[in-house]
Amino acid sequence: MTAVTAGRVMAGRYLRHVVRAPEEIVIYFSLPIMFVLVFGYVFGSGMAVPGGGHYREFLVPGVFVMTMFYGIGATGTGIAVDMNRGVVDRFRSMPMPRSALITGRMAADQVRALLEITALVLCGLPVGWRWHLGVPRLLAAIGLLLLLRLALSCVGVALGMLAKNPDMVATIVFPLAFPLTAISNVFVAPELMPGWLGVVSEWNPISATTTAIRELFGNPGIGSDSWPAAHALPLAVVWPVLLIVVVGPMAVRRYRNLSR
Amino acid sequence: MTSTIVAEGLRKRFRGGAVALDDFDLTVPAGIVHGLLGPNGAGKTTAVRVLSTLLSFDAGRAEVAGADVAGDPRTVRERIALTGQDAAVDDLLSGRQNLVLFGRLQGLSPAAARARAGELLERFDLAGAASRSAKDYSGGMRRRLDLAASLIRRPAVLFLDEPTTGLDPRSRNEVWRAVRDLVSEGTTVLLTTQYLEEADQLAARISVVDAGRVVAEGTPDELKSALGADRLEVVIREADRLDDAAAVIKEVTGTVPDIDPDQRRLRVPVADRVGALTAVLHGLQDGAITVADIGVHRPTLDEAFLTLTEKVPA
């Protein structure tokens, strides 16, 4: 059994979970859609986009990024549920590559991310969001989102292994996810925030991906001429890769140490 | 036949400092059920987790199904299966999906995995519930599914960690039957249990585990006699007749009883429960010794462990 086959079988397992317990994915789908509607229509009328442009066109790319971010919760919970159960003992006592649990989860997360992106595209179009610069740039933007999701999968896996308890994952992720996405350029342009908060928002790693995909979609509000905004594209690659390099080995080590 | 499980001087200390295995020795010949009997925290589960490659160990040597546990865990994993206390199945998947998943992860093709899943569902009487989620199974069904998952590749050695804890008697009997069938097909089973009766029913040999080591070993019959026979207990009314009562008991049973003067109680091991009880009672009445209470008690497992651990030099 190769690591690739094992990873694929394990990814199939996680995707079957989605089919058999669709409640979870409904929550993960409805949250971003709600954000588009609430921010787009309720707060949107009072929102300005620096440099002009429609707020909902500014908002939708941010919600793409936010959705990737909230995926940490799904990954962490899924892994923690496994860790809490004897099923990991069975995996570990079988002659299969040990990497499969992690690679399978990350592969399944990529498929989920694609589904979430598709749902958001379908939700964005009727509220006025468009990609203006052609299909290749649309695909490049989706690629950046998937890269971000891959990095956040790593974080989720590590968190799920450390927490060992699904409730604990939710307790850690959700109180963090909201401020981390709000203090970024997802909903509001950093130029409109008080000075220091604006700086934090500009440097927030998830702002890099948001600005980068706004550029690639041709959406408004790609921001000030600050350094992180001006280098959003490379940063949208560097931040996730950095996260994978730092957190990935932590997750793997943690899994190995189960035998201690 | 050669030994299928050999453990020599296994030592395992957890990071918190607790010593779970302390010079643990075990030898299990092929083709039998070997019971590990012991109270909670004795180290039974740790022993199983070490032998099934789930836990590393600090010292000693272990060999399972002809492969070295520390040096070649992969080969060990190819030859074993594990059914733990907490059913090791995927709750969200159906019974059939579980078995197909574990079959695929063990290298079966999709078609072969489906075929094997079908066979096992039939064999463990789960065909009717095959498409229900495992989380909706009863305790007994889960344990059967768990056992089925362990048998996908017909392991040489099966580790069963407290397979019937929390099961009702009927489900327990079903699990026992499945274990007996397996052994008749040539699998070696290492069974941990807290229940003397379970070990008695299933195991050809038993190791009694306490404080991380094996403190006694033998066939169930050998152990039962070592664990202590039934005890006859007599409480009399008058403390000044204790010596007379002891004399009567010695005459009837051939053993000098333990005397507890404060409680006016005499205790003696007996082989023949009813016979000894009747004879002692008659003897005491003939001697005009007033009996306040009399009864025969089976040793509890706790008492048996106390007996056994006391024999071990510290």
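Residues numbered from 1 in each chain as written. Chains lettered and ligands numbered in written order. Predicted model: local features only at pLDDT ≥ 70, side-chain atom pairs only at ≥ 80, totals over all residues. Heavy atoms only, no water.

An unreviewed UniProt entry lists chain B under the name Daunorubicin resistance protein DrrA family ABC transporter ATP-binding protein, from Actinoplanes couchii. Recorded in UniProt under Sequence similarities (unreviewed entry), the annotation for chain B is "Belongs to the ABC transporter superfamily. Drug exporter-1 (DrugE1) (TC 3.A.1.105) family." What UniProt states about chain B under its Subcellular location (unreviewed entry) heading is, verbatim, "Cell membrane". (UniProt positions renumbered as here; feature names shortened; annotations may be inferred.)

The name recorded for chain A in an unreviewed UniProt entry is Transport permease protein, from Actinoplanes couchii. The record in UniProt for chain A states the following under Sequence similarities (unreviewed entry): "Belongs to the ABC-2 integral membrane protein family."

Caption draft 1: Up close: the UniProt feature "transmembrane region" (unreviewed entry) in chain A. Mapped onto the present numbering, the UniProt feature "transmembrane region" (unreviewed entry) falls at residues 25-43, 63-83, 113-132, 138-162, 169-188 and 232-252 of chain A. As annotated, residues 169-188 of chain A comprises 70% helix and 0% strand, and the C-alpha atoms at either end are separated by 28 Å. (Helix = DSSP H or I, 4+ residues; strand = E, 2+ residues; numbered from the N terminus.)

Caption draft 2: Main features of the interface of chain A and chain B. Chain A puts 28 residues into the contact, and the matching count from chain B is 39 residues. When chain A packs against chain B, the two sides together hide about 2800 Å² of surface, and 53% of this comes from carbon and sulfur. The largest per-residue losses of area from chain A upon contact with chain B belong to A:Arg20, A:Arg90 and A:Pro95, which jointly make up 27% of the total buried on that side. At the junction of chain A and chain B, the tally comes to 16 residue pairs in polar contact (both at pLDDT 80 or more). Of all the secondary structure elements, the ones that give two or more residues to the side of chain A that touches chain B are α1 (3-20) and α4 (87-92) of chain A. By residue number, the principal contributor to the side of chain A that touches chain B is α1(A), which donates 8 residues. Here the residues of the side of chain A that touches chain B sort into 12 nonpolar, 6 polar and 10 charged. (Contact = heavy atoms within 4.5 Å. Buried area = accessible area lost by both parts, 1.4 Å probe. Polar contact = N/O pair within 3.5 Å; in protein donor to acceptor, adjacent residues only side chain to side chain. Nonpolar A, V, L, I, M, F, W, Y, C, P; charged D, E, K, R; others polar.)

Caption draft 3: Region of interest: the packing of helix α3 (residues 55-84) of chain A against helix α5 (residues 100-124) of chain A. Residues and elements named next belong to chain A. Relative orientation of the contacting elements α3 and α5 amounts to 145°, with a least axis distance of 10 Å. For the pair α3 and α5, the crossing hand works out as right-handed. Where α3 approaches α5, its residues Val60, Val63, Phe64, Thr67, Met68, Ala74, Thr75, Gly78, Ile79, Asp82 and Met83 are matched on the opposing element by Leu101, Arg105, Asp109, Arg112, Ala113, Glu116, Ile117, Leu120, Val121 and Gly124. Across the contact of α3 with α5, the residue classes break down as 12 nonpolar, 4 polar and 5 charged. (Axes fitted to C-alpha atoms, helices over the stretch in contact; angles between N-to-C directions. Left-handed = near helix turned anticlockwise from the far one by under 90°.)

Caption draft 4: Seen up close, the sheet that holds strand β1 (residues 3-13) of chain B. Residues and elements named next belong to chain B. If you trace the 4 strands from one edge of the open sheet to the other, you get β2-β1-β4-β5, paired in antiparallel fashion. One side of each edge strand has no neighbouring strand; the edge strands of this open sheet are β2 (19-29) and β5 (67-68). Two strands pair when backbone bridges link them, and β1 and strand β4 (residues 59-64) are joined in this way by 5 bridges, in the antiparallel orientation. Paired with Val6 across the bridge in β4 is Glu63. (Pairing = 2+ DSSP bridges.)

Caption draft 5: Representation of the packing of aromatic side chains. Residue and element names in this part refer to chain A. Within this structure, the stated rule accounts for 12 aromatic pairs over all chains. An angle of 15° between the planes, with centres 4.2 Å apart, marks the rings of Phe39 and Phe187 as stacked. In this pair, Phe39 is assigned in helix α2 (residues 22-43) and Phe187 in the loop between α7 (166-182) and α8 (195-203), connecting sequence segments 148 residues apart. Phe187 shares its class with Phe39; the two are buried. Residues Tyr70 and Phe174 carry aromatic rings whose centres are separated by 5.9 Å and whose planes lie at 35° to one another, so their mutual orientation is tilted. One end of the pair, Tyr70, is in helix α3; the other, Phe174, is in helix α7, and 104 residues separate them in sequence. (Phe/Tyr/Trp six-rings, centres within 6.5 Å; stacked < 30°, edge-to-face > 60°. Buried < 20%, exposed > 50% of the residue type's maximum accessible area, 1.4 Å probe, protein only.)

Caption draft 6: Looking closely at the environment of B:Pro163. Residue and element names in this part refer to chain B. Tracing the sequence through the fold places Pro163 in the loop between β7 (157-161) and α6 (169-184). On the accessibility criterion, Pro163 (1% relative accessible area) is buried. When the C-alpha atoms of Pro163 and Thr187 are compared, they prove to be 16 Å apart, with 24 residues separating the residues in sequence. Every residue in contact with Pro163, bar those within four places of it in the chain, is listed here: Arg143, Val175, Leu191, Thr192 and Glu198.

Caption draft 7: Representation of a nonpolar patch on the surface within the structure. All names here are of chain A. A cluster of nonpolar side chains, contributed by Leu162, Val237, Val238, Val241, Leu242, Val245, Val246 and Met250, occupies part of the molecular surface with about 670 Å² of accessible area. When residues of the nonpolar patch are assigned to their parent elements, the largest contribution, 7 residues, is made by helix α11 (residues 232-256). Using a relative accessible area of 44% as the deciding quantity, one classes Val238 as partly exposed. (Patch = residues over 30% accessible without salt bridge, like charges linked within 9 Å, V, L, I, M, F, W, Y side chains within 5 Å. Areas by Shrake-Rupley, 256 points an atom, 1.4 Å probe, with all protein chains shown as cover. Salt bridge = Lys/Arg side-chain N within 4 Å of Asp/Glu carboxyl O.)

Caption draft 8: Representation of the pairing of β1(B) within the structure. Residues and elements named next belong to chain B. Sheet analysis places β1 next to β2, joined by 8 bridges and oriented antiparallel. In the sheet register, Ser3 faces β2, and the bridge partner there is Pro29. Where β1 folds back onto β2 in an antiparallel hairpin, the turn is made up of 5 residues, including Gly17, whose phi is positive at roughly 110°.

Caption draft 9: Main features of the packing of α5(A) against helix α6 (residues 135-163) of chain A. Residue and element names in this part refer to chain A. In contact at an axis separation of 9 Å, α5 and α6 are set at 135° when each is read in the N-to-C sense. On the basis of the axis angle, α5 is oblique to α6. As α5 packs across α6, the resulting crossing turns out to be right-handed. In this structure, α5 uses Leu101, Ile102, Arg105, Met106, Asp109, Gln110, Ala113, Leu114 and Ile117 to contact α6, whose residues at the interface are Ile142, Leu145, Leu146, Arg149, Leu150, Ser153, Cys154, Val157 and Met161. In terms of residue class, the contact of α5 with α6 is built from 13 nonpolar, 2 polar and 3 charged. (Parallel < 35°, antiparallel > 145°, perpendicular 65-115°, else oblique.)

Caption draft 10: Fine view of the sheet that holds strand β10 (residues 213-218) of chain B. Residues and elements named next belong to chain B. An order of β6-β7-β8-β3-β9-β10 is seen for the 6 strands of this open sheet, with the pairing classed as mixed. Both outer strands of the open sheet, β6 (80-83) and β10, are each paired with one neighbouring strand and no more. Taken over all neighbouring pairs, the strand axes of this sheet differ in orientation by 20° on average, direction set aside. Summarising the sheet, β6 and β7 pair through 4 bridges and their orientation is parallel.

Caption draft 11: Fine view of the side chain of A:Thr181. All names here are of chain A. The residue Thr181 is located in helix α7 in this model. A distance of 2.8 Å separates the side chain of Thr181 from the backbone oxygen of Ala177, its partner in a polar contact. Contacts of Thr181, omitting those with residues within four sequence positions, involve Met66, Phe69, Tyr70, Val186, Phe187 and Ile206.

Caption draft 12: The arrangement of α6(B) in detail. Residue and element names in this part refer to chain B. Between the first and last C-alpha of α6 there are 23 Å, a value that for 16 residues agrees with the 22 Å anticipated at 1.5 Å per step. Where α6 begins, the side chain of Asp168 points an oxygen toward the backbone nitrogen of Arg170, at a separation of 3.1 Å. Remark: Gly186 follows α6 within two positions and exhibits a positive phi of approximately 105°. (Expected span 1.5 Å × (residues − 1).)

Caption draft 13: Quick look at the pairing of β10(B). Residue and element names in this part refer to chain B. Bridging between strand β9 (residues 205-210) and β10 involves 5 bridges; their strand directions are antiparallel. The residue of β10 that forms the bridge with Val208 is Ala216. The antiparallel hairpin formed by β9 and β10 contains 2 residues in its connecting segment, where Ala211 sits at a positive phi of about 50°.

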